[in-house]
Amino acid sequence: MRKTALASAAVLTATLLLTGCGADDDGSGDAMSEQSMSSQEQSEDMTEDMGDDMAAEARTGTFEGLNDKAVAGTVEVSATEVVLSGYSSDEGPDLHVYLTNGTDEAAVAAGTEIDVVAFDEASQTFALDGVDVAGYDTVVIHCDKAKAVFGAAALA
């Protein structure tokens, strides 16, 4: 969004400089200025729409423990990150967070590992780089060493 705003500002500045240098009495400079303002407004509208789209894409879920393990808290998944809030889980030797389509071992194996997750940090954020989150419906907390699902949150 910064690139769009900077590009819009650069276009506006260049247009204003050119209009000021080449203004004549026939009024064509005013039309050029109105045209550049219209372009700036369109750029701002596009930037706002992109922000709305990013917010609309975020999905949330609430963790539930599985396999006699305790996992609690909420998760929010957007196109750029996974955010855990109020999170806690039973301690495990090798806990990871995954995006999956289910909660069994086959779903975890077919899913995408995001990162190592701390069992005792209530707020954790994980950046997503090149992950298409639209194809997943569940966030799973998995102990890779024990090959056990500790808990999951269905995304809505």
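In the block above lies the structure referred to throughout.
What you see is a predicted model; the values in this text were computed from it and never measured.

A.B. asks: How should I be thinking about the sheet that holds strand β9 (residues 148-154) in this particular structure?
C.D. replies: Two strands in a sheet stick together by hydrogen bonds in their backbones, pointing the same way (parallel) or opposite ways (antiparallel). Strand order in the open sheet made by the 5 strands is β2-β9-β8-β5-β6, with antiparallel pairing throughout. One side of each edge strand has no neighbouring strand; the edge strands of this open sheet are β2 (64-65) and β6 (112-116). Examined bridge by bridge, strand β8 (residues 138-143) and β9 share 6 bridges and lie antiparallel to one another. Paired with Val140 across the two strands is Ala152, which belongs to β9.

A.B. asks: I'm lost on the environment of Ser89 in this one. Help?
C.D. replies: Here Ser89 shows up in strand β4 (residues 81-89). Look at Ser89 and you get buried, because its relative accessible area is 11%. It is 7.6 Å that separates the C-alpha atoms of Ser89 and Lys69, two residues lying 20 residues apart in sequence. Dropping the residues within four chain positions of it, Ser89 is found in contact with Ala70, Val71, Leu95 and Phe119.

A.B. asks: Honestly, the packing of aromatic side chains in this entry has me stumped. Any pointers?
C.D. replies: The geometry of two aromatic rings is summed up by the distance between their centres and the angle between their planes. This structure, assessed with the given rule, holds 1 aromatic pair. Judged by centre distance (5.8 Å) and plane angle (70°), the rings of Phe63 and Tyr87 are edge-to-face. Of the two residues, Phe63 sits in the loop between β1 (59-62) and β2 while Tyr87 sits in strand β4, which places them 24 residues apart along the sequence. Phe63 gets classed as buried once you look at its relative accessible area, which sits at 5%.

A.B. asks: What is the right way to look at the sheet that holds strand β3 (residues 71-77) in this model?
C.D. replies: On the basis of which strands lie adjacent, the open sheet formed by 4 strands has the order β1-β3-β4-β7 and antiparallel pairing. Edge positions in the sheet fall to β1 and β7 (124-127), since each of these pairs with one other strand and no more. Strand-to-strand twist in this sheet, taken as the mean axis angle between neighbours without regard to direction, amounts to 15°. Pairing geometry for β1 and β3, over 4 bridges, is antiparallel. The residue bridging Gly61 from the neighbouring strand is Val75, located in β3.

Cut-offs used in this document
Residues numbered from 1 in each chain as written. Predicted model: local features only at pLDDT ≥ 70, side-chain atom pairs only at ≥ 80, totals over all residues. Heavy atoms only, no water. Pairing = 2+ DSSP bridges. Helix = DSSP H or I, 4+ residues; strand = E, 2+ residues; numbered from the N terminus. Buried < 20%, exposed > 50% of the residue type's maximum accessible area, 1.4 Å probe, protein only. Contact = heavy atoms within 4.5 Å. Phe/Tyr/Trp six-rings, centres within 6.5 Å; stacked < 30°, edge-to-face > 60°. Axes fitted to C-alpha atoms, helices over the stretch in contact; angles between N-to-C directions.

Limitation: the analysis is restricted to geometry and does not speak to function.
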